[in-house]
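Topology and contacts: notes
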Amino acid sequence: DQIMSEQVTRRQFLGTSGKAAATLAAGAAVHTMLRPARAADANEKFNVALIGCGGMGGANLNSFMNTELVNVVAVCDVDQNHLGNRVQQAEAKLGKKPEAVKDYRKVIDRKDVDVVIVATPDHWHAAPMIAAVAAGKDVYCEKPACHNIAEGRAMVDAAAKYRRIVQVGTHQRSAAHMQEARDFIRAGKLGTITMTETYTWGNEAPDGMGNAPDEPSPEGLDYDMWLGAAPKRPFNRRRFHHSFRWYFDYASGMVGDWNVHLQDIIMWTLETPSPKEVSTSGGKFVLPDDRDTPDTMLATYEFGPGPHTPSGYVQLYTMRKASGPPWSHGGYGMVFHGTNGKLLMRRDSWEVVGDFKDWGDPNKGRRVEGFNKPGVDQHLDHVKNFLACVRSRQKPIASIEDHFQTVTACHLANVSLRSGSKIYWCTKTEKCYKDPELKTPDAVANQYVTREYRKGYELPKV
């Protein structure tokens, strides 16, 4: 009780976000006293609460319940329709109805919650995660972890300060076949890698999402709280559930929604930090709807030397919303190009195509033998890894610290696009520069490293 009285309460956390910042800062001395995960015993179950009850919230909740290691004690959403769906889902699976709440701060207040799942829209990831770790809870956070780079830094710092386990939902890391492919590359079998590619395609031409008028917000929705830090706008269903991803107010478009999975495998495999140079071209070339994220994008990254890329490498991301098959029909992937051939990874397989030793004489054989191996589902294993690390207090496979490097790269593609310039990134200052010597800050680009927060929803300081 003494420990809990010193943790962040609902009244302390947010009367205004300024007070929240002060409370979190004052909690610095508390983190060493925070209890370890309640389910320290292998036979004890974790008490889990879900914040964000949409599609991914339901998928995550199902995976957690399928581990048979959890009790679901609370579900939270500002949309009563989503909330009711998850109450029914948990009750049907576990036989007990969880508490249903609209305000996530009530979840943070509960003393019996060990683990919080954050599955809100992207612009609402940071505040609940920071509040949860400050209150001594471990967190499973959906990808991309942050709306912008500055938020990501705050999340990393909060996890470290309060010594909490934070796993991000880039679940491809937990796929056995991707780990095999990673090890194949790290063993040098693909030779020296100088270029990688990620791609996400689809064809929504000619209308895209279409256009619709603004309308009153649906009954049962606290729309002002759903907007949170984002600018206040009239309700429009195109900017709401699912399709919020295509507006910079709430998310980062396809580069943050899908490429964050793919970019993550590239950088994880090659053990490289954020890129040093980024140049992006693209825009809305075809789709007439009002999304403000691009329907066509080409981002070129240059990475410095790393343990598996002694001279560095170039990474290309191509995104199309108006041509090609969608991801559900194979329109996505990760490609590593080495001196011995290329390696292609997808969620359902990985394959190697070897280069000929002599392209003029195929009879001389290939530099590496080709093959194709199937993959397996990975989401449940990702959740199991997280819960095992909550119990052991070891670093999870997709920690917030590791994810920050990946999500920074994804956000930088948009920073370059929106600023209209090539940018040079400094990992120490976490700022954009106009020159490779990192002497002249790029003021236009740096405004997109963070965001302007609506009054009352400012990000708490750690």
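In what follows, the accompanying structure is described. On a predicted model such as this, the values are computed, not experimentally measured, just so you know.

Structural notes on the packing of aromatic side chains
By the definition in use, this model includes 20 aromatic pairs. On the numbers, 5.7 Å between centres and 65° between planes, the contact of Tyr 140 with Phe 386 is edge-to-face. Taken as a pair, Tyr 140 in strand S5 (residues 138-141) and Phe 386 in helix H13 (residues 379-392) lie far apart in primary sequence, 246 residues in all. Residue Phe 386 is classed as buried on the basis of its relative accessible area of 0%. When the ring of Trp 350 is compared with that of Phe 371, the centres are 5.0 Å apart and the planes differ by 85°; the resulting orientation is edge-to-face. You can see Trp 350 sitting in strand S15 (residues 349-354) and its partner Phe 371 sitting in strand S16 (residues 371-374), a full 21 residues away along the chain. A residue is classified by how much of its surface remains accessible, and Trp 350, at 2% relative accessible area, is buried. Over the face of the ring belonging to Phe 371 we find Lys 373, whose NZ or CZ atom lies 5.2 Å from the ring centre.

Structural notes on the sheet that holds strand S18 (residues 431-433)
Taken in spatial order, the 10 strands line up as S16-S15-S14-S13-S7-S11-S10-S9-S17-S18 in an open sheet, and their pairing is mixed. At either margin of the open sheet sits one strand with a lone partner, and together these are S16 and S18. With strand direction ignored, the average angle separating the axes of adjacent strands in the sheet is 20°. The pairing of strand S17 (residues 423-426) with S18 spans three bridges and is classified as antiparallel. Counted as the bridge partner of Tyr 424 is Tyr 433 from S18. Contacts from helix H9 (residues 176-186) reach strand S7 (193-200), strand S13 (332-338), strand S14 (341-346), S15 and S16, with the element oriented near 160° to S14.

Structural notes on the sheet that holds S5
Strand order in the open sheet formed by six strands is S3-S2-S1-S4-S5-S6, and the pairing between neighbours is parallel. In the strand order of this sheet, the two ends are held by strand S3 (99-101) and strand S6 (166-168), each with one partner. Adjacent strand axes in the sheet meet at a mean angle of 20°, parallel and antiparallel pairs treated alike. Where strand S2 (residues 70-76) and S3 come together, three bridges link them in parallel fashion. Paired with Val 75 across the bridge in S3 is Ala 100.

Quick look at the side chain of Ser 416
By secondary structure assignment, the location of Ser 416 is in helix H14 (residues 400-419). In this structure Ser 416 comes out as buried when scored by relative accessible area, which is 1%. Reaching out from Ser 416, the side chain makes a polar contact with the backbone nitrogen of Thr 280 at a distance of 3.0 Å. Setting aside residues up to four positions removed in sequence, Ser 416 forms contacts with Val 278, Ser 279, Thr 280, Ser 421, Lys 422 and Ile 423.

Procedures and definitions
Residues numbered from 1 in each chain as written. Predicted model: local features only at pLDDT ≥ 70, side-chain atom pairs only at ≥ 80, totals over all residues. Heavy atoms only, no water. Phe/Tyr/Trp six-rings, centres within 6.5 Å; stacked < 30°, edge-to-face > 60°. Helix = DSSP H or I, 4+ residues; strand = E, 2+ residues; numbered from the N terminus. Buried < 20%, exposed > 50% of the residue type's maximum accessible area, 1.4 Å probe, protein only. Lys NZ or Arg CZ within 6 Å of the ring centre and 35° of its normal. Pairing = 2+ DSSP bridges. Axes fitted to C-alpha atoms, helices over the stretch in contact; angles between N-to-C directions. Contact = heavy atoms within 4.5 Å. Polar contact = N/O pair within 3.5 Å; in protein donor to acceptor, adjacent residues only side chain to side chain.

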